[in-house]
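# A structural walkthrough
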Amino acid sequence: MRTLIKNIKNIIGIIEGPQTYKKAEALSNVEMLANGYILIEDERISDYGSMVDCPDNMDQVIDATDSLVLPAWCDSHTHIVFATTREKEFEMKIKGMSYEDIAAAGGGILNSARKLKDCSEDDLYEMAKGRLEEVTQFGTGAIEIKSGYGLSLESEVKMLRVIRRLSAYSPISIKSTFLGAHAIPTEYKKRREDYINLIINKMLPKIAEEKLADYCDVFCEKGFFTVDETDRILKAAAKYGIPPKIHANQLSNSGAVQVGIANNAISVDHLEVMGDTEIEALLQSNTIPTLLPSCSYYINIPYAPARKMIEAGLGITLATDFNPGSSPSGNIPFLLSLACTKMKLTPEEAFNAVTINGAYAMQLEDEVGSITKGKLANLIITKNIPNLTYIPYMFGTNHIEKVLVRGKVM
Ligand code: NIG
Ligand code: FE
């Protein structure tokens, strides 16, 4: 099957040569080609070029006159498997309660865990599938999904099996993360050591045996898991070849960045509270910082110091953190707008942070995240808009005409 996209006003996000993530000044580089075509053979981009060299004899032709074509977004941090939304907590937040106050009042992660316990795997799957289909229409073509609302062997495995079913159903590339260490369940409050042991001795072996997780996450934060507990859990996961991607420095400067780096984390995520020492430690590592501006927006906490990090020489990834408690949105175009207006990223930096850098944060940089010969044909075809900047500029408008995943219109 040969599909041609022709008369493209501008192809955006071309990368040739070896793939890695973009950092510092290079984060501003977005290669483009005006008046071009993209040729797709089966699932992959087989060629692209200028319209003067456009091939013919195709099985399918898409005319993209007036459109930009971009690589589909890569969302490297989400929690889209959950049983119920938490709009009551939204109302509590409006009345002045903080994220921590709401958790202490019986809301938060433990609230989601109570609801998930009584939800069947099939119902959970149907709801998560709806969310996955929604984010696909926003342009997401690769996604990481976490467990973490189970907090028991049975429910964590149920969540991870849902993620596996989503991978089998959807053409989108999906990575799965085990987040048993998301909160201490109520019944373990007075014996937290037993819960850590449950994660290490029961959950991890079962999950490894069924190959249910690509990564291991811990919410390393005051009131959740300590640096020492995080270290033990990550080391236990490493024995099964499961590398870390962790929740770090969201509410305090907790030492999470350092423990993530020490355990060769693929990424450390959140980073709303960062000191110079943490930036320096990241500069000396291969761990990519992942920032989640829609969480800062929604729970009213500071935005991660993205400019400072980039100017220090780092690369960053942006992701939605789509979850019912701290970021009830999987909308990457809105995220781009927030990153530009609130974190002062340029549209080019924000674009690279949710494409090639997002791919890198899921170890998918050889498969997705750019217009590159041989990569999966995961593409966004826009409506008639003048340029890349227009997407974060005119926020709230849907600029997407079509989304292709593995060469098929979704
Ligand atoms: O990334 N911080 C920890 N976990 C999620 C929130 C989970 C929830 O409130 O349901 C986050 O913000
Ligand atoms: Fe999260």
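Now for the overall build of the protein. If you tally the helices and strands in the protein, you get 15 helices and 16 strands. The principal-axis extents of the C-alpha atoms in the protein amount to approximately 70 × 45 × 45 Å. Taken across its 410 residues, the protein has 59% of its residues classed as buried. Considering only intrachain contacts with a sequence separation of at least 6, the fraction spanning at least 24 residues in the protein is 73%. When the accessible surface of the protein is summed, it comes to about 16,000 Å², and 51% of that surface belongs to carbon and sulfur atoms. Here the protein holds 43 positive side-chain charges and 52 negative ones, and the gap between their average locations is 4 Å.

Turning our eyes to something else, we now look at the packing of aromatic side chains. Tallied over the full model, the rule gives 7 aromatic pairs. A ring pair is formed by Phe90 and Tyr298, whose centres lie 5.7 Å apart and whose planes are at 15°; its orientation type is stacked. Taken together, the positions of Phe90 in helix H1 (residues 87-94) and Tyr298 in helix H10 (residues 293-299) put the pair 208 residues apart, joining distant regions of the chain. Residue Phe90 is classed as partly exposed on the basis of its relative accessible area, which comes to 37%. Ring plane angle 50° and centroid distance 5.2 Å describe the contact between Tyr188 and Tyr195, whose orientation is recorded as tilted. The residues Tyr188 and Tyr195 share a single accessibility class, namely buried. Just above the ring of Tyr298 sits the side chain of Lys93; from NZ or CZ to the centre is 4.4 Å. Note that Lys245 overlies the ring of Tyr215, its terminal NZ or CZ placed 5.6 Å from the centroid.

Next up on the list: empty space enclosed by the protein. With the rule as written, the count across this model stands at 4 cavities of 30 Å³ or more. Considering only enclosed or pocket space, the largest cavity measures out at about 100 Å³ in volume. What lines the largest cavity is a set of 14 residues, among which Tyr99, Ile109, His182, Asn323 and Ser326 lie closest to the centre. Here the lining of the largest cavity is built from residues that sort into 4 nonpolar, 8 polar and 2 charged. Volume-wise, the second largest cavity comes out at about 50 Å³. Surrounding the second largest cavity, Glu89, Phe90, Lys93, Tyr99, Ile102, Tyr298, Ile299 and Gly325 form its lining.

Taken as a whole, the largest pocket spans an internal volume of roughly 240 Å³. Looking at the largest pocket, it is lined by 14 residues, and the ones nearest its centre are Lys117, Gly150, Leu151, Pro185 and Glu187. Counting residues per element, the ones that place at least two in the lining of the largest pocket are helix H3 (108-117) and helix H5 (153-169). Of the residues forming the lining of the largest pocket, the biggest block, 4 residues, is contributed by H3.

What the domain assignment lists for the protein is domain 1 (2-71 + 370-409) and domain 2 (73-360). Put simply, the middle of domain 1 and the middle of domain 2, counted by C-alpha atoms, are 29 Å apart. Opposite the 29 residues of domain 1 that make contact, domain 2 presents 29 residues. Of the roughly 2,400 Å² buried between domain 1 and domain 2 on both sides combined, carbon and sulfur atoms contribute 70%.

In this section: the sheet that holds strand E7 (residues 140-146). Here we have 8 strands laid out as an open sheet, ordered E6-E7-E8-E9-E10-E11-E12-E13, and parallel in their pairing. Looking at strand neighbours, the two that pair on one side only are strand E6 (73-75) and strand E13 (317-318), the edges of this open sheet. Where strand E9 (residues 215-220) lies against strand E10 (residues 245-248), 2 bridges are found, and the strand directions are parallel. Bridge pairing in E10 places Cys220 opposite Ala248. Against the sheet, helix H7 (residues 227-238) contacts strand E8 (173-181), E9 and E10, and its axis sits at roughly 175° relative to E9.

Near ligand 1 lie 15 residues; those nearest to it are Tyr99, Tyr149, His182, Gln250 and Ser326. Taking Arg86, its side chain carries an N or O atom lying 2.8 Å from an oxygen atom of ligand 1. Between an oxygen atom of ligand 1 and a side-chain N or O atom of Ser326, the distance comes to 2.5 Å. For ligand 1, whose unbound accessible area comes to 330 Å², protein coverage reaches 100%. For ligand 1, the cavity whose grid points lie within 2 Å of the majority of its atoms is the largest cavity.

For Asn263, the location among the structural elements is in the loop between helix H8 (256-262) and strand E11 (267-270). A relative accessible area of 12% places Asn263 in the buried class. Apart from residues lying up to four places away in sequence, Asn263 is in contact with Asp231, Leu234, Lys235 and Pro244.

The next thing to look at is the pattern of salt bridges. Following the criterion strictly, the structure yields 20 salt bridges and no others. Glu144 is the salt-bridge partner of Lys146, the closest N and O atoms lying 2.8 Å from each other. Accessibility assignment for this pair places Lys146 and Glu144 in one class, buried. Residue Arg192 pairs with Glu229 through a salt bridge whose shortest N-O separation is 2.8 Å. One end of the pair, Arg192, is in helix H6 (residues 192-209); the other, Glu229, is in helix H7, and 37 residues separate them in sequence. Judged by its relative accessible area of 8%, Glu229 is buried.

Reading guide: rules and limits
Residues numbered from 1 in each chain as written. Chains lettered and ligands numbered in written order. Predicted model: local features only at pLDDT ≥ 70, side-chain atom pairs only at ≥ 80, totals over all residues. Heavy atoms only, no water. Helix = DSSP H or I, 4+ residues; strand = E, 2+ residues; numbered from the N terminus. Buried < 20%, exposed > 50% of the residue type's maximum accessible area, 1.4 Å probe, protein only. Contact = heavy atoms within 4.5 Å. Areas by Shrake-Rupley, 256 points an atom, 1.4 Å probe, with all protein chains shown as cover. Lys, Arg positive; Asp, Glu negative; His and termini not counted. Charge placed at Lys NZ, Arg CZ, Asp CG, Glu CD. Phe/Tyr/Trp six-rings, centres within 6.5 Å; stacked < 30°, edge-to-face > 60°. Lys NZ or Arg CZ within 6 Å of the ring centre and 35° of its normal. 1 Å grid on protein atoms, 1.4 Å probe; cavity = no way out; pocket = protein on both sides within 12 Å on 5 of 7 lines; lining within 4 Å. Points joined across faces, edges and corners; volume = space filled by probe spheres on them. Nonpolar A, V, L, I, M, F, W, Y, C, P; charged D, E, K, R; others polar. Domains from an automatic or database assignment. Buried area = accessible area lost by both parts, 1.4 Å probe. Pairing = 2+ DSSP bridges. Axes fitted to C-alpha atoms, helices over the stretch in contact; angles between N-to-C directions. Near = heavy atom within 4 Å. Polar contact = N/O pair within 3.5 Å; in protein donor to acceptor, adjacent residues only side chain to side chain. Sits in = over half its atoms within 2 Å of the grid points. Salt bridge = Lys/Arg side-chain N within 4 Å of Asp/Glu carboxyl O.

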